[in-house]
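Structural description and commentary
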Amino acid sequence: MSKVHVFNAGPCLLPQAVYDASIEAIKDFKGTGVSVLSISHRTKEWEETMNECRALWKELLHIPEGYEVVFLGGGASLEFLYVAMNFLEKKAAYLDTGVWAHKALKEAQGIGEAYAIACSKDRNYSYVPKDFEVPEDLDYLHITTNNTIYGTEIREDWDCKVPLIADMSSDILSRPVDVSKYTMIYGGAQKNAGPAGVIFAIIKKDALGKVSRYIPTMLDYRTHIDKESMFNTPPVFSIFVMNETLKWVKSIGGVEAMHEINLRKAKTLYDEIDRNSLFTGTAAVEDRSIMNICFVMAPGREALQDEFMAFAKQHGMIGIKGHRSVGGFRASVYNACTQEDVDALVACMREFENLHKQ
């Protein structure tokens, strides 16, 4: 089979070392003679894995004292509800920068007063709003740091005068983060931190317990902190793969080294998009994501879209079709995507350009 280059927006490509460790654990988890798919979450071997995974999160992101890390099922979409249940008392604001940010806002509006403090829908979410004031009477401001569909990203940790909560599903572990600036960071694992089936939540513990409403037991973050993410049976296999992914990030030098690698990959592809006469980027240059790189055919060359898609597929490019709401192309260059993968896509784009020079 010829070499393929995977640019799927999710589930993500994972490192080969993670696949290998997962295969072995499916056969025999830590010498127990039992597959990780069948291991009891109450065994000491599993508790060791959970503790190691939690410790790696704290180490890699330099999480300060006073925060806890929990692992839950349900995906980040369920976390939209969790967040509002646990933090929304009077009023919350959401920065509407795309589909997922808008969905998070909608869930909060089902719980209490929540509104979009700023929105970039007027230009098809191609930029991140910046000129807005944050009222001091908010329970929290919610942001989505990376927008997978539109290719924009907030790559700075904002100073905020109200509690800041961030959905970092698609850029966590891609860059250093000052966790102390956030009341909570959460996301699905399936972009950079592992497979689908588990979410991570990094929570400032003393921010909990402030709402007056009843919170159902399963939706109360304090339940899962108190029970160390094992109030009910956790998504064992997904957490195992997450742990192996974090070990891999650590092995290459941690998040800081990962960030440098990601910057190089993104620059390589953006430079080609800007140079190539057949393509153009869709996101505002100052807000370009280093995780999800979105582009379309250049004006006047739109008729070549399907031909390029077929050409790229023939050359081993997997998952570059843009989201249906945007069209065009999207290369998701998450952590495990290599420079070799990006170079192959660039070579493909150049070859296609040479075939269609006017």
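Above: the structure in question.
Just so it is clear, the model here is predicted, and its values are computed rather than measured.

**Regarding the overall build of the protein**
Helix and strand counts for the protein come out as nine helices and 14 strands. Along the first, second and third principal axes, the C-alpha set of the protein runs to 65 × 55 × 30 Å. Within the protein, the proportion of its 358 residues that are buried is 56%. Taking the contacts inside the protein whose residues are at least 6 apart along the sequence as the reference set, 66% of them involve residues at least 24 apart.

**A closer look at the packing of helix α7 (residues 254-275) against helix α9 (residues 339-355)**
Interaxial distance between α7 and α9 falls to 9 Å at its minimum, and their mutual angle equals 5°. For the element pair α7 / α9, the angle class is roughly parallel. When α7 is examined against α9, the residues R264, K265, T268, L269, E272, I273 and R275 are found in contact with a partner set consisting of Q339, V342, D343, L345, V346, M349, R350 and E353.

**Observations regarding the sheet that holds strand β10 (residues 199-204)**
If you trace the seven strands from one edge of the open sheet to the other, you get β2-β10-β9-β8-β5-β3-β4, paired in mixed fashion. Pairing within the sheet leaves two strands with one partner each, and these edge strands are β2 (67-72) and β4 (113-119). On average, adjacent strands in this sheet sit at an angle of 20° to one another, irrespective of strand direction. Two strands pair when backbone bridges link them, and strand β3 (residues 91-96) and strand β5 (residues 140-144) are joined in this way by three bridges, in the parallel orientation. Opposite A93, over in β5, you have L141 as the bridge partner. Along the sheet face, helix α2 (residues 44-60) touches β2 and β10 and points at about 130° away from the line of β2. Strand contacts of helix α4 (residues 99-109): β3, β4 and β5, with the helix running at about 165° to β3, the strand carrying the most contacts.

**Re unusual backbone geometry**
The linkage connecting G10 with the following residue, P11, adopts the cis geometry, with an omega of -5°. Along the chain, the position of P11 falls in the loop between β1 (5-6) and α1 (16-27). In this structure, N124 takes a positive phi of about 55° despite not being glycine. Relative accessible area serves as the criterion here: at 42%, N124 is assigned to the partly exposed category. In this structure, L173 is a non-glycine residue whose phi angle is positive, near 70°.

**Let's talk about the pairing of strand β12 (residues 292-297)**
Counting buried positions along β12 gives five out of six residues, so the element sits mostly inside the fold. Two elements, strand β11 (residues 279-281) and β12, share three bridges in a ladder whose sense is antiparallel. In the sheet register, G281 faces β12, and the bridge partner there is F295. Pairing of β12 with strand β14 (residues 329-332) involves four bridges; the strand directions are antiparallel.

**Describing the state of the cysteines**
Each disulfide consists of one covalent bond between the sulfur atoms belonging to two cysteines. With the rule as written, the count across this model stands at zero disulfides. Not engaged in a disulfide, the cysteine C12 finds its nearest cysteine sulfur in C337; these two sulfurs lie 11 Å apart. Residue class for C12 comes out buried when judged on its relative accessible area of 10%. Looking at C53, it has no disulfide partner, and the nearest cysteine sulfur is the one in C12, 14 Å off.

**Side note on the packing of aromatic side chains**
Under the counting rule described, the total for this entry stands at 17 aromatic pairs. Seen in terms of ring centroids, F132 and W158 are 6.2 Å apart; in terms of plane orientation they differ by 55°. Their pairing is tilted. With F132 in the loop between β4 and β5 and W158 in the loop between β7 (152-153) and β8 (164-167), this residue pair connects regions lying 26 residues apart in the sequence. There is no split in this pair, since F132 and W158 are both buried. For the ring pair F308 and F329, a centre distance of 5.1 Å and an interplane angle of 85° mean the geometry is edge-to-face. Here F329 lies in strand β14 and F308 lies in helix α8 (residues 305-314), a separation of 21 residues in the sequence. Side by side, F308 and F329 carry an identical accessibility label, which is buried. Here the aromatic residues F279, F295, F308, F311, F329 and F352 are joined through ring pairs into a cluster of three or more. Directly above the ring of Y127 sits R123, whose terminal nitrogen or CZ lies 4.0 Å from the centroid.

Calculation criteria
- Residues numbered from 1 in each chain as written.
- Predicted model: local features only at pLDDT ≥ 70, side-chain atom pairs only at ≥ 80, totals over all residues.
- Heavy atoms only, no water.
- Helix = DSSP H or I, 4+ residues; strand = E, 2+ residues; numbered from the N terminus.
- Buried < 20%, exposed > 50% of the residue type's maximum accessible area, 1.4 Å probe, protein only.
- Contact = heavy atoms within 4.5 Å.
- Axes fitted to C-alpha atoms, helices over the stretch in contact; angles between N-to-C directions.
- Parallel < 35°, antiparallel > 145°, perpendicular 65-115°, else oblique.
- Pairing = 2+ DSSP bridges.
- Disulfide = S-S within 2.5 Å.
- Phe/Tyr/Trp six-rings, centres within 6.5 Å; stacked < 30°, edge-to-face > 60°.
- Lys NZ or Arg CZ within 6 Å of the ring centre and 35° of its normal.

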